[in-house]
Structures are given as C-alpha cells and as structure tokens.
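Examination of the molecular architecture
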Protein chains: 2
Amino acid sequence: MEIKIMKNILDRNQNKADEVRSLLASKQVMMVNIISSPGAGKTTLLERTCEELGSKFRMGVIEGDITTDRDAQRLKKYNIPIVVINTEGGCHLDSHSIAKVLGLFDLDNLDILFVENVGNLICPSQFDLGETFKLALVSTAEGDDKPAKYPMLFREARAVLLNKIDLMPYTNFNRDNFISDLNKINSQIPLLEISCTRGDGLKDWFTWISDQNLKPNFTSSLL
Amino acid sequence: MEIKIMKNILDRNQNKADEVRSLLASKQVMMVNIISSPGAGKTTLLERTCEELGSKFRMGVIEGDITTDRDAQRLKKYNIPIVVINTEGGCHLDSHSIAKVLGLFDLDNLDILFVENVGNLICPSQFDLGETFKLALVSTAEGDDKPAKYPMLFREARAVLLNKIDLMPYTNFNRDNFISDLNKINSQIPLLEISCTRGDGLKDWFTWISDQNLKPNFTSSLL
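Residues numbered from 1 in each chain as written. Chains lettered and ligands numbered in written order. Predicted model: local features only at pLDDT ≥ 70, side-chain atom pairs only at ≥ 80, totals over all residues. Heavy atoms only, no water.

1. Quick notes on the overall build of chain A
For the record, the criterion: Helix and strand assignments follow DSSP, with helices taken as H or I runs no shorter than four residues and strands as E runs no shorter than two, numbered in order from the N terminus. Radius of gyration here is computed from C-alpha atoms only, and the compact-globule reference equals 2.2 Å multiplied by the residue count raised to the power 0.38. Accessible area is worked out with a 1.4 Å probe on protein chains only. A residue is then buried under 20% of its type maximum, exposed over 50%, and partly exposed in between. Only heavy atoms enter the contact rule, under which two residues are in contact if any of them lie within 4.5 Å. For every accessible area listed, the method is Shrake-Rupley and the probe measures 1.4 Å; residues are considered covered only by the protein chains on display. None of His or the chain ends enter the tally, which takes Lys and Arg as positive and Asp and Glu as negative. Lysine's charge is taken at NZ, arginine's at CZ, aspartate's at CG and glutamate's at CD.
Check the secondary structure of chain A and you find 10 helices and 7 strands. Relative to the compact-globule value of 17 Å for 223 residues, chain A shows a C-alpha radius of gyration of 17 Å, a close match. Its C-alpha atoms give chain A principal-axis dimensions of roughly 50 × 45 × 35 Å. For chain A, the proportion of its 223 residues judged to be buried stands at 58%. The long-range share in chain A, meaning contacts at least 24 apart out of those at least 6 apart in sequence, stands at 73%. On chain A, roughly 9300 Å² of surface is accessible, and the fraction owed to carbon and sulfur atoms is 50%. Placing the 26 positive and 30 negative side-chain charges of chain A at their respective mean positions leaves the two points 1 Å apart.

2. Here's the deal with the pairing of strand β4 (residues 112–116) of chain A
All names here are of chain A. Cut-off, in case you're wondering: Strand pairing is defined by DSSP finding a minimum of two bridges between the two strands.
In terms of burial, β4 is largely enclosed, as 5 of its 5 residues are buried. Of the two faces of β4, both are covered, the one formed by I112, F114 and E116 as well as the one formed by L113 and V115. Here strand β2 (residues 59–65) pairs with β4 via 5 bridges, running parallel. Along β4, the bridge assignment pairs V61 with F114.

3. Structural notes on the relation of the copies chain A and chain B
Using the following cut-off: In superposing the copies, a least-squares fit is computed on C-alpha atoms, taking residues whose pLDDT is at least 70 in both.
When chain A is fitted to chain B, the best match, at an RMSD of 0.0 Å, comes from turning it 180° and sliding it 0.0 Å along the axis. Such a combination of turn and shift is consistent with a two-fold rotation axis. Of all interface residues in chain A, 100% are interface residues in chain B too; the two copies therefore contact each other through one and the same surface.

4. Things to note about the environment of D94 of chain A
All names here are of chain A. Rule in force here: Polar contact criterion, stated in full: a pair of N or O atoms within 3.5 Å, where within protein one must be able to donate a hydrogen and the other to accept it, and residues adjacent in sequence count only if both atoms are side-chain atoms.
Looking at the secondary structure, you find D94 in the loop between β3 (82–86) and α4 (95–102). Residue class for D94 comes out partly exposed when judged on its relative accessible area of 23%. With 32 residues separating them along the chain, D94 and Q126 place their C-alpha atoms 9.4 Å apart. Excluding anything up to four places from it in sequence, D94 contacts N13, F127 and L129. Within the structure, the side chain of D94 is placed 3.2 Å from the backbone nitrogen of H96, a separation counted as a polar contact.

5. Looking at the packing of aromatic side chains
Basically, it comes down to this: Under the pairing criterion, centres of Phe, Tyr and Trp rings, with the six-membered ring standing for Trp, must be within 6.5 Å; the plane angle then separates stacked pairs below 30 degrees from edge-to-face pairs above 60, leaving the rest tilted.
All chains considered together, the criterion is met by 7 aromatic pairs over all chains. The interplanar angle of 5° and the centroid separation of 3.6 Å between the aromatic rings of Y170 of chain A and Y170 of chain B together place this pair among those described as stacked. Here the residue Y170 of chain A occupies a position in the loop between β6 (159–163) and α8 (175–185), and Y170 of chain B occupies one in the loop between β6 (159–163) and α8 (175–185), the pair thus bridging two chains. By the ring-pair criterion, three or more aromatic residues cluster together here, those being F133, W205 and W208 of chain A.

6. Looking at the pattern of salt bridges
Note the following rule: Any Lys or Arg side-chain nitrogen located within 4 Å of an Asp or Glu carboxyl oxygen qualifies as a salt bridge.
Taken as a whole and assessed by the stated rule, the structure comprises 35 salt bridges over all chains. Ionic pairing is found between D111 of chain A and R58 of chain A, a salt bridge with its closest N-O pair at 3.0 Å. Taken together, the positions of D111 of chain A in the loop between α4 and β4 and R58 of chain A in the loop between α2 (42–53) and β2 put the pair 53 residues apart, joining distant regions of the chain. The class of D111 of chain A is buried, set by a relative accessible area of 10%. What makes R58 of chain A partly exposed here is its relative accessible area of 40%. Its salt-bridge partner being E47 of chain B, residue K77 of chain B comes within 3.8 Å of it at the nearest N-O pair. Remark: E47 of chain B occurs in helix α2 (residues 42–53) and K77 of chain B occurs in the loop between α3 (70–75) and β3 (82–86); sequence separation between them is 30 residues. Assessed through its relative accessible area of 55%, K77 of chain B is described here as exposed.

7. Here we look at the interface of chain A and chain B
Rule in force here: When two parts are put together, the accessible area they lose, computed with a 1.4 Å probe and summed over both, is reported as buried area. Under the grouping applied here, Gly and all other residues not named as nonpolar or charged are polar, the nonpolar ones being Ala, Val, Leu, Ile, Met, Phe, Trp, Tyr, Cys and Pro and the charged ones Asp, Glu, Lys and Arg.
Facing the 36 residues of chain A at the interface are 36 residues of chain B. Of the roughly 2900 Å² buried where chain A meets chain B, counting both sides, 57% is carbon and sulfur surface. The tally of links from chain A across to chain B stands at 6 salt bridges. Residues D65 of chain A and K149 of chain B are paired through a salt bridge, measuring 3.7 Å at the closest nitrogen-oxygen approach. On inspection of chain A and its partner chain B, the count reaches 8 residue pairs in polar contact (both at pLDDT 80 or more). Where the side of chain A that touches chain B is concerned, the elements lending two or more residues are α1 (2–26), α3 (70–75), α5 (123–126) and α6 (146–149) of chain A. Per-class residue counts for the side of chain A that touches chain B are 14 nonpolar, 10 polar and 12 charged.

8. Quick notes on the packing of α2 of chain B against helix α9 (residues 202–212) of chain B
All names here are of chain B. To keep it simple, the criterion reads: Here the axes come from fitting lines to C-alpha atoms, over the contacting stretch only for helices, and the angles between their N-to-C directions go from 0 to 180 degrees. With respect to orientation, any angle under 35 degrees is reported as roughly parallel, any angle over 145 as roughly antiparallel, any angle of 65 to 115 as roughly perpendicular, and every other angle as oblique.
For the pair α2 and α9, interaxial distance at closest approach is 11 Å and the crossing angle is 75°. Comparing their axes, α9 and α2 come out roughly perpendicular. Between α2 and α9, the residues in contact are L45, R48, T49, E52 and L53 and L202, W205, F206, I209 and S210, respectively.

9. So, the confidence of the model for chain A
Going by this rule: Confidence per residue, as judged by the predictor, is encoded in pLDDT with a range of 0 to 100.
With 94% of its residues at a pLDDT of at least 70, chain A reaches an overall mean of 93. Across the whole predicted complex the pTM is 0.93, and at the interface the ipTM reaches 0.90.

Dropping the structure here:
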C-alpha cells in the first residue's frame, strides 16, 4: 500500500515536471538542480558563480530549505532574482513547488536558473523537478564512499563536483577509491575537483557550466 | 490529502515505536538513535566506542543504509551483533523496520543498541524508532549553520556531538555562532566536541554515554 502511494506521488510529480521542462525550454532557460549533503558547499558554489558569471549570464536562484532564508541572504548582494521555498520539514523539493514559484521569475530575461535543493543525498535524486540536469556536489570531508552509498544521485547527475579539495590532506579521503566507485556507477560522468573557498578548479567549472548553456546543445538534451 | 497520508504514516510509526520502547525497557536495553549528515562520522564514532567500551558494555548495532553493507563491514572486527537494514531508496529508518530486526538480537544479553540511521538530517528526526534517545552528530566541515537550518534534530536530541574539530582551523566554521544558534533552539543540551580520527574529547564521550546507561536513570527517562 505504501508503495502504491509512493507511485502516485512520483507519477503526479513526473507530470508536473514535464510541464515545467516544456515551459523552461520554450523560454530557453536552463535549470540546474544542485544536490548535495548539508554543508557540502552549494551556496558557496553559487556565490563564486555569481561573482564570475554574473555579467555573462542572467541568473536566478530557487533556494530550497527546511526553514530560514539564510542561504538566500548570502546571495542577496549579487542582485539576482531569488525565491526561497521553505519545505517546513519536507526533505526535498518537488515539481509542484517549482511550478508554483516559476511565475515569480521573469523567464524571458533569464539564462540559468539554479535550484539549491534541500541538503540531502537521497530523496532529491528521486524527484524530477523539470530541471535541464542535476548536479551532484560532494565534499572530501564527507569521505570517499558517497558514490557507492548513494548511487542514484551519481547515475542521474550530468556532472560531479568534488568540493573542499583543500581539506583532502587533513582527511582520510581516498581519491582513487572515490573515482573507482564513481566509474562503476557512471563511467561517462565528468568530475570537476574544486575548492570553492580557495578557488582551485573553479575556472574549469565556469567553462563547463558555460558550455552547457550553449542554447542548441542544452535544448536538444532536454528531449 | 498528502498531509493526511503523512499523518497516518506517522501515527502507525508512533504506535510501533511505543511497542519497541516497551520491549527494550523490559529487557533493560538502551537504544541510541544516531542521526547525522552523510559522512559526518557516525561509523567512526562507533569504531572508537567499540574499541573503548567493548569490554564494559554488551553492544549491538543496527546499520541503516540505502544500499551496501559498507559500514557494517567496518564494524565486523569488533565481534558484536550487527544487523543491516537497506532502505532501498528510503531516506530514514522507521519503527516497523526496527521492530522486525530486533528479533535477530539476543536482547537479554545486550546493554546498548546503537542505531546508525540513514545519513540525513531531516526525516530521521521525524520518525520515532522507539529509541531511548536520539544523538545529533555534526561535523565542523559542514559549517556552523546546521542547528539553525535543521532545528528539529537539535530539539529532539539528548546531546550534540560536534565531530572533526581537528578540521576547524582549515574551515570557516564559527564556534560562537554554532553555540549561540544551538542555545536558542535547546539551551539545556550537552555539547561534546570531539575528533573521532585524532581522539580529542572522546574521553568525555565515553563517560557521557556510560552515564546514560546507569539503568535506573535511563529507564526512568523512558516514561
């Protein structure tokens, strides 16, 4: 019975996600669903990205949080449109909550809409928001076993960002094990190794995300 | 409608949790539900605890994981009873899954049963497993904003373990902000600052957890 309920919820979510995806495609907006554990660095990644690409792309952000608007407050200084969705205990965003807030954006004047999902590696991977693609963000401080333990996210994502590589020397993170596990799950997935606080690898990230936004490329990948 | 479904699920969970709690009380087993983000150090905490307290208490572990038995493999060398619950996509354990596996333990010969919940700060806080108490484990690498962003866990837990204090000098973790936010949510909660890899503060943890297991103390707190 609970399986049936779950199936209904996922079906309803999928229908609405398809609507969101069509709308965004018609407006040529690329929506990037960023998924990570709590504190892996989603907001700091967005801060660096706003600083570097703010003059190149018209960006917006949907902030998913249980409660508080702390992450949105951190991004306010970049003068981009930001909408906070407080899930009040819900452990992930869904396509219905995204559809509701899309009307608050001027989609005709937007290139990239980042969604900072609720900090959680599990349910956010299961719910299609209508995004153009998902990004998996993990930090070295979390250990090297995340791909093996949370395979769905690494199967679904278009790229993996390994953040906090500046902390690697102080942890027991084994890079070979991480890459080997990741390759078993998704051998094609690009891996970007970065430090959002120190700056390592961010140039590659800016290039990569800019490439995704080449319009013909990203719209064809929608279908 | 979804709220009603959620209420039914939580009610059913609570009834079974009450059964679990009665059973464990009758057997004088203290069950500790450990909740943290992925990679905050739950398994390493259990390794250190098995090493230090293995001769003092008869311990057992329930390992909650989406998939794989990696954490259980790490604990095998301590020769304690371990049962793995693979949730296959579920983002938390519930009282029904706990009730099912309790029969696999010899409860008459157990003092402490640790539950390593699925790595997630959200839903595990909402589902009573019938535990004696919850423990909140967070790492400095996750940032200082976790109490403010995930208040339910810090309201529900009997203690907070702040792990990876050896990494603090390399992060922007602000200890004063962390403590100030924590006090606003739960001013009475004990905070233990530890490093499971380097050993800092573990003596206080061993003393604290041993004190909780003084039988009259912990059983009276059940009711």
